[in-house]
Amino acid sequence: MRAIRPSAGLIRFVAGLVAAVLLPVLPAAAQSFRVQCPTSTITHPVAANNNAEPLYRGPTTFTPGPNSFLTPATNVNGAIRCQQISGGDGYATMADGTQTYMFAFGPLSGLADIAAGRPGSEFPSVFNTVYPGILAPGDPATSDNTSAGSFTYNGAIGLAPDGDNGNAIDGHVDPRQIEDVGVMNGNIPAPLMAIDEDDEFFLTLTNVGMIMRPDLFEQHTVHFHGYPNASSFYDGVPDASVAINIGGSFTYYYLAPDAGTYFWHCHITPPEHLQMGMVGQIYVRPRQNRVPLGTPLYTALQWQEGDLRTACSPANDILCTNPLPAVDTGRAQADDSHTSTDRPYRYAYNDGDGTTRYDIGYAMQIHGFDPNFHFIGMTFNAEPFVDMKDKYFLLNGRSYPDTVTPGPMQTPSSDGAHHFSQPLPTIVNIPLGGRALLRISDLDVTEYQTLASLGIPMLVIARNAKLLRDQAGNNMYYKSNSITLGGGESLDVILDASDTTKYTAGSTFFLYTPNLDHLSNDAENFGGLMTEVHICSGTVDPAPKACT
Amino acid sequence: MLITQLKEWTERLLPVALASLLCAAAQAAAPGITGAPGTPAFNLIAEPANINQPDGNQVYSWGYGCNPASPAPGFVPAAITNAKCPSMQIPGPTLVVTEGDTVTVNLTNNLPTAAGNTSILFPGFQVTSSGGTPGLLTQEAAPGGTVTYTFTATSPGTRTYYSGTQGDLQIEMGLYGVIIVLPKNVPAACTSGLHAANLAAEQFHGEKDFRLAAAAYDNPKTCYDREYLFQFSTIDPTIHQAALAQVNALVGCVAGAPGCSLQVPTEPYHPAYFLINGRSMPDDMDPNYAPEYPNQPYNGDPHVHPGEQLLLRIVGQDHWQHPFHEHANHVRILARDGNLILSQVPGSNPAAVDPNDLAGPALFTTTTTPGLAMDGIFYWTGRGLNWDAYGHNPKSTDPLATLSCTPDANGYNTGFASTDTTYSGPANTAVWDAVNYYEWCADHDKPLEAAPVGDVASGGPATLPNPNILTNGAWYSGSPYLGPDATVRATGPNSSFQPANTQANPADERGFAYMWHSHNEREITTNNVFPGGMFMILLVDSREFVIDESK
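Residues numbered from 1 in each chain as written. Chains lettered and ligands numbered in written order. Predicted model: local features only at pLDDT ≥ 70, side-chain atom pairs only at ≥ 80, totals over all residues.

Q: How would you sum up the overall build of chain A? Please name residues and give values.
A: The secondary structure content of chain A amounts to 8 helices and 29 strands. Seen through its principal axes, chain A has C-alpha atoms that stretch 95 × 70 × 50 Å. Per-residue burial over chain A gives 59% buried out of 548 residues. Long-range pairs, those at least 24 residues apart, make up 73% of the contacts in chain A with a sequence separation of at least 6. (Helix = DSSP H or I, 4+ residues; strand = E, 2+ residues; numbered from the N terminus. Buried ≥ 20, exposed ≤ 12 C-beta atoms within 10 Å, placed from the backbone. Contact = placed C-beta atoms within 7 Å.)

Below, the structure written as structure tokens:
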């Protein structure tokens, strides 16, 4: 028998391969999983002030600091927010009962808030809290939430005292907890994020790997879609910057951009990762929300001219879309007799005239799943992009009638453990005589989708996170009973139910798609992109968004 | 990405991709052809030819081109090199005329006889036609024949032109193009103040002016510093194959005789190629007039410097909509099909009353619509990042790390007095020539990193992870910072690239890279393979890098 000897060429090749693999190895400077949530920064220097939104009493003024850059002197606005998400996989339940495999992001902080349908963007005092017990593997929000609200922990999963740093809470994490909780905890849509203008936002993406696809070495990223004047480093396009390998954490750093409805998604192989479910929502609330009671909104918008970063002058900036309104309505913060459960008022944009005021807001993301593609994505086959065809048409990851099922939906994962897979119902409850803001975004990857309102007209106030206002200050809002979006677009709509003779207590209206073939759940000729609008007999509790 | 796909990509696309990347970085412009001042005449011809796709396929197509029997046209912008106008190209030649011109287009039909008549529609103009034969929508050129269209270029803007004959087939086959009308009177604001400074900064670094004009319209709010034209279209290869098979079967048939026509089904429509300016990624990143694409002369490779106002001319040339997403900032829509969108009612706020006020939306996703052309303005300045994008470090010994930043009235380092927005005094060359011209001064010297390893300021909010947990993209600059000097300071001369990293963003560039693409994400594929399709990279370059759009 002839011995099989490797050729000299093969030896050289292997030696070269080994060298190529070894060369880039640097001394380990940091652990791979870690979170970041500073309690204070240059922009927010006093730690004690960064755990709540201070009132907006005027523009921030700056003075040169000891290291030559500007530091805030008066009116430090905004606070610090932090969030951790996993990049991995999971299952979701479609409205026909099918369990669908996803590449997905899941919550690794703010778990109680996410399970309750709230954003998981937390202040440092909440994020930097170590869980006082042992987190149950799987999704602790489902397994510990045997009675509603019993799981209240919103800190960063894995956070642990750093033994190398005097047991400080410095972002050191126990990777075991992260894998215990983060594996197979994907959500559709991905964890909700919400920040306020002037906030600094530290968003940690932790890549836990995709346990159903051990053949894949997928990186993930976060693309904050629509962030104006973005840096490419934090833009999340792997071709244009960096992507995060399995076993690593990367903290994206943003100063909150102008108020508006944005969204976010992974940017790795977008036709695949977006179709597979790596899509989420983020919105930025305006500083007008934080104006003290009784302050004229027009005046407050003029204050913003005092800081060049927040100023908006059409004469100097062609992308300015919220200049002073042409008509000063004289509206002040919460100055009329309208009953609202959570004063001061909330606004979608810095309008200066109160026209974007709303009582209750709903984030609503349109998406589509092609079950064939998801099956292929689970089973190691070549993916067809030309033939991609959505068969599930989703509002916040659910099709009708699941859209009107209250509370989070859960799906068993491959080990039988239940995980919250679709935390967001899309029941639009409007207080009697009130106004609901719909923050609608679309991340469908195959086709345009139309959403129509059967009943209350849609007042379109903004498009692509920009107020619809011309350079002369005229509001360009328009009423419609339908809106059409392609993937990568967003708009803001107000459903104005203030006419209580038309929109009476207890009445139900519908949001549905007139793309009638999208009113289906795969083979079921029923369901799809549809949900209900309820007029409450009283107010709406802002937390569960239920009629009271 | 699936392993199988990766393998496929490597085998089929990588050689092309690498060829593309190894080319000197290409840049874009909006090149086109011109005629006699005041009375331009364009002698076009419709012809078949194959066009190249990055998977190696040659797609049989029809396109407009310059009639080789006629004198060659003029080419613009003047700074563009290697310009040519083949007898068939996709998209068709971009016709560049001036407001008020009397435009003549002589179209000769050199399509296969079985393809029948052809024609051109110029939506937005009052067209008079002569010669040819009557068609449903306009006069047509019979096989071998010629038709003449004449119209006055009444108002500025970007508009599409395309076949008015059997459009579902002929436009799919490639018979479309763009006509750009330049404003007759460029507002003074476009050649003074900040726009003059932007031009002076370009010229200091040896850059040529690649604009067709300094304004898109007779309106001072439409001034711009750089411009690109992007035409979006799709190809369903089965239609093209069927057309070719029928053409071959009907060779020698007599025009107009029974049976001498094509019966190609155009529905159901199943496109596999998603094109910008007739090319799929990565071919769109090769230069204008690159010899590899004899019938696809126009590219899609935008570059811009901070602060420059970038005019985008965006055109939908197929029968689908494409949500074109511009990373990095919004785009203010100026006009649709050459119609400026202005404020209808002057506001009662006295400071805002200006008849030139714009009313088009600002969008981060500009949906292309079949047959629609829109003009918009984009810029990038880094305002609001809250850290110094140039990685300045006042403690450094590198002179480029210790540049100063003097804010103008808007907060930018432009050399204008902070109280005077209409400054037109002598050139402030010290600022205009600086690498950080147009820096956002409020963040000057402000650190990003808490404890950086390199020569950039420390004490910032963020800690970057070990580079080993990251994978670098081909267009990654190598650091979070803008420009070669900042990147070298931040990472050392060897940078943080992994040894095997392919670098499309060369060492003398290190710009901020952004993906500009269709957000119906399956359209950034080429015949089932990712990446490809409607996918470009915008590079925002610091002033150190010379943008040469003739490449």
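Anyway, onward from the coordinates.
Q: Residues and numbers for the overall build of chain B, please.
A: A tally of helices and strands in chain B yields 6 helices and 25 strands. Taken against the 2.2 N^0.38 rule, which gives 24 Å for 551 residues, the C-alpha radius of gyration of chain B at 25 Å falls within 12% of a compact globule. Along the first, second and third principal axes, the C-alpha atoms of chain B reach 85 × 60 × 40 Å. Counting every position in chain B, which comprises 551 residues, the buried fraction comes to 61%. A sequence separation of at least 24 residues applies to 73% of the contacts in chain B between residues at least 6 apart. (Rg over C-alpha atoms; globule rule 2.2 N^0.38 Å.)

Q: Lay out the interface of chain B and chain A with the relevant residues and their values.
A: If you look at the interface, chain B gives 85 residues, while chain A gives 86 residues. Elements with a minimum of two residues in the side of chain B that touches chain A: helix H1 (3–22), strand S17 (322–326), strand S20 (362–363), strand S21 (365–368), strand S23 (470–472) and strand S24 (512–518) of chain B. Considering each element in turn, the side of chain B that touches chain A owes the most residues, 4 residues, to S24 of chain B. Within the side of chain B that touches chain A, the residues separate by chemical class into 41 nonpolar, 35 polar and 9 charged. Sheet topology places strand S8 (residues 242–244) of chain A next to S23 of chain B; 3 bridges connect them, and they run antiparallel. Note on S23 of chain B: the bridge partner recorded for Ala243 of chain A is Thr471 of chain B. (Nonpolar A, V, L, I, M, F, W, Y, C, P; charged D, E, K, R; others polar. Pairing = 2+ DSSP bridges.)

Q: Account for the pairing of strand S5 (residues 190–196) of chain A, naming residues and giving values.
A: Residues and elements named next belong to chain A. Among the 7 residues in S5, 7 count as buried, and that is most of the element. Where S5 meets strand S11 (residues 279–285), 5 bridges bridge the pair, whose relative direction is parallel. Along S11, the bridge assignment pairs Asp196 with Arg285.

Q: Help me get a handle on unusual backbone geometry, residues and values and all.
A: Following Ile188 of chain A, the chain continues to Pro189 of chain A via a peptide bond in cis, the omega torsion being -10 degrees. Structurally, Pro189 of chain A can be placed in the loop between helix H5 (175–182) and S5. Residues Val76 of chain B and Pro77 of chain B are joined by a peptide bond in cis, for which omega reads -5 degrees. Structurally, Pro77 of chain B is set in the loop between strand S4 (74–76) and strand S5 (95–98). Residues other than glycine seldom take positive phi values, yet Asn167 of chain A does so here, at roughly 60 degrees. Note on placement: Asn167 of chain A falls in the loop between helix H4 (140–143) and H5. Phi is positive for Ala465 of chain A, which is not a glycine, with a value near 65 degrees. Looking at where Ala465 of chain A falls in the secondary structure, it is placed in the loop between strand S21 (458–463) and strand S22 (466–467). Judged by C-beta crowding, with 31 C-beta atoms within 10 Å, Ala465 of chain A ranks as buried.

Q: Got a sec to walk through the sheet that holds strand S15 (residues 303–304) of chain B? Specific residues and values, please.
A: All names here are of chain B. If you trace the 5 strands from one edge of the open sheet to the other, you get S15-S25-S24-S17-S21, paired in mixed fashion. Looking at the sheet topology across the chains shown, the edges are occupied by S15 and S21. The pairing of S17 with S24 spans 3 bridges and is classified as antiparallel. Considered in S24, the bridge of His325 is made with His517.

Q: I'd like to hear about the sheet that holds strand S6 (residues 200–207) of chain A, residue by residue, with values.
A: All names here are of chain A. Taken together, 4 strands build an open sheet; the order of strands is S4-S3-S6-S9 and the sheet is mixed. The open sheet is flanked by strand S4 (99–107) and strand S9 (249–255), the only strands paired with a single partner. Neighbouring strand axes in the sheet, compared pairwise and without regard to direction, differ in orientation by 20 degrees on average. Across 9 bridges, the pairing between strand S3 (residues 80–93) and S4 is antiparallel. Among the inter-strand pairings, Asp89 is bridged to a residue of S4, identified as Phe103. (Axes fitted to C-alpha atoms, helices over the stretch in contact; angles between N-to-C directions.)

Q: Residues and numbers for the confidence of the model for chain A, please.
A: Across chain A, the average pLDDT comes to 90, with 91% of residues at or above 70. Ignoring residues within four places in sequence, the model shows residues 1–30 of chain A, a span with pLDDT below 50, making 13 contacts including any to other chains. (pLDDT = per-residue confidence, 0-100.)

Q: Account for helix H3 (residues 193–204) of chain B, with residues named and values stated.
A: Think of an α-helix as turning once every 3.6 residues; residues three or four places apart then point the same way. Residues and elements named next belong to chain B. An ideal rise of 1.5 Å per residue puts 16 Å on 12 residues; H3 measures up with 16 Å between its terminal C-alpha atoms. Buried within H3 are the following residues: Leu194, His195, Ala197, Asn198, Ala201 and Glu202. Taken around the axis of H3, the buried residues stretch over an arc of 160 degrees, which confines them to a single face. For H3, the elements touching its buried residues are helix H5 (429–432). Immediately beyond the C-terminal end of H3, within one or two residues, lies Gly206, with a positive phi of roughly 80 degrees. (Expected span 1.5 Å × (residues − 1). Arc of directions from axis to C-beta.)

Q: Got a sec to walk through the environment of Gln344 of chain B? Specific residues and values, please.
A: Inspection of the secondary structure assignment puts Gln344 of chain B in the loop between strand S19 (339–340) and S20. Sequence spacing of Gln344 of chain B and Leu358 of chain B is 14 residues, and the spatial spacing of their C-alpha atoms is 9.3 Å.

Q: A description of the confidence of the model for chain B should follow, citing residues and the corresponding values.
A: In the predicted model, chain B carries a mean pLDDT of 91, and 91% of its residues have values of at least 70. Contacts from residues 1–24 of chain B, a stretch scored under 50 in pLDDT, to residues over four places away or in other chains number 34 contacts.

Q: Lay out the nonpolar core with the relevant residues and their values.
A: Grouped together as the largest cluster of nonpolar side chains are 267 residues, with contacts concentrated most on Ile430, Ala436 and Leu495 of chain A together with Tyr514 and Ile537 of chain B. Once residues within four sequence positions are removed from consideration, Ala436 of chain A is found in contact with Tyr358, Asp359, Ile360, Tyr362, Val428, Ile430, Ile494 and Leu495 of chain A. Residues Leu194, Leu400, Ala434 and Trp440 of chain B belong to the second largest nonpolar core, which totals 17 residues. (Core = buried A, V, L, I, M, F, W, Y, C linked by C-beta atoms within 7 Å.)

Q: Kindly report on H5 of chain A, identifying the contributing residues and their values.
A: All names here are of chain A. Residues of H5 that are buried: Gln177, Ile178, Glu179, Val181 and Gly182. Turning to H5, the residues buried within the fold contact S3, S4, H4 and S6. One or two residues past the end of H5 sits Met184, with phi positive at roughly 60 degrees.

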